[in-house]
Amino acid sequence: MTDGQDISGVEEQQTWPGTTLTELLRLHEGRLTSPAENFSAESALARYFEIRWMKARALVARRDEYFIDGEPVAWRYTLKGALKFYLAATWIRPLSRFARAFGLRSR
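Residues numbered from 1 in each chain as written. Predicted model: local features only at pLDDT ≥ 70, side-chain atom pairs only at ≥ 80, totals over all residues. Heavy atoms only, no water.

**As for the overall build of the protein**
Step number 1: A count of helices and strands for the protein gives 3 helices and 2 strands.
Step number 2: Ordered by position from N to C terminus, the α and β elements of the protein give α-α-β-β-α.
Step number 3: In the protein, which comprises 107 residues, the share counted as buried stands at 23%.
Step number 4: In the protein, the proportion of contacts linking residues at least 24 apart, taken out of those at least 6 apart, comes to 47%. (Helix = DSSP H or I, 4+ residues; strand = E, 2+ residues; numbered from the N terminus. Buried < 20%, exposed > 50% of the residue type's maximum accessible area, 1.4 Å probe, protein only. Contact = heavy atoms within 4.5 Å.)

Have a look at this one:
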């Protein structure tokens, strides 16, 4: 299961420290291709787990994760997936943040 970095391609994660809420909202709205889907109070947890399941299926399809005991209930990284996650979390994302901090990469 992925926590901090999404290597599944289901979500695009970005952090913008020091950005105002108004600017974050503008950036988010600029990325949307369709209206944002709100989670209702009754379905928020179910929707969260649906997104997690989408990520797991994508990672299993890419052979970055596998289902434990062959059952689609719990999963874990393969060696390839663990290395990809490590590179994304330890090198790629921090270097990208560094570049943004010095104006070398645009938002």
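Alright, that's what it looks like, and here's the rest.
**Remarks on the pattern of salt bridges**
Step number 1: For the structure on display, the rule yields 4 salt bridges.
Step number 2: Linking Lys80 and Asp64 is a salt bridge whose minimum nitrogen-to-oxygen distance equals 3.4 Å. With Lys80 in helix H3 (residues 79-101) and Asp64 in the loop between helix H2 (44-61) and strand S1 (65-67), this residue pair connects regions lying 16 residues apart in the sequence.
Step number 3: Judged by its relative accessible area of 41%, Lys80 is partly exposed. (Salt bridge = Lys/Arg side-chain N within 4 Å of Asp/Glu carboxyl O.)

**Examining the environment of Lys80**
Step number 1: The spatial distance from the C-alpha of Lys80 to the C-alpha of Asp64 is 5.8 Å, given a sequence separation of 16 residues.
Step number 2: The contacts of Lys80, once residues within four sequence positions are left out, are Arg62, Arg63 and Asp64.

**Structural notes on the packing of aromatic side chains**
Step number 1: In total, this model carries 5 aromatic pairs according to the counting rule given.
Step number 2: Geometrically, the ring pair formed by Tyr48 and Phe49 is edge-to-face, given 5.3 Å between the ring centres and 70° between the ring planes.
Step number 3: An angle of 55° between the planes, with centres 6.0 Å apart, marks the rings of Trp53 and Trp75 as tilted. Separated by 22 residues along the polypeptide, Trp53 in helix H2 and Trp75 in strand S2 (residues 75-77) bring together distant segments of the chain.
Step number 4: Classification of Trp75 by relative accessible area gives buried; the value is 13%.
Step number 5: A connected cluster of aromatic rings, assembled from ring pairs, spans Trp53, Phe67 and Trp75. (Phe/Tyr/Trp six-rings, centres within 6.5 Å; stacked < 30°, edge-to-face > 60°.)

**Describing the side chain of Glu65**
Step number 1: Within the element layout of this structure, Glu65 appears in strand S1.
Step number 2: One buried charge, Glu65, has no salt-bridge partner; the nearest side chain with opposite charge is Arg52, at 7.2 Å.
Step number 3: A polar atom in the side chain of Glu65 sits 3.3 Å from the side chain of Trp75. (Lys, Arg positive; Asp, Glu negative; His and termini not counted. Polar contact = N/O pair within 3.5 Å; in protein donor to acceptor, adjacent residues only side chain to side chain.)

**Some remarks on unusual backbone geometry**
Step number 1: Backbone geometry at Arg63 places phi at a positive 65°, although glycine is not the residue there.
Step number 2: Looking at where Arg63 falls in the secondary structure, it is placed in the loop between H2 and S1.

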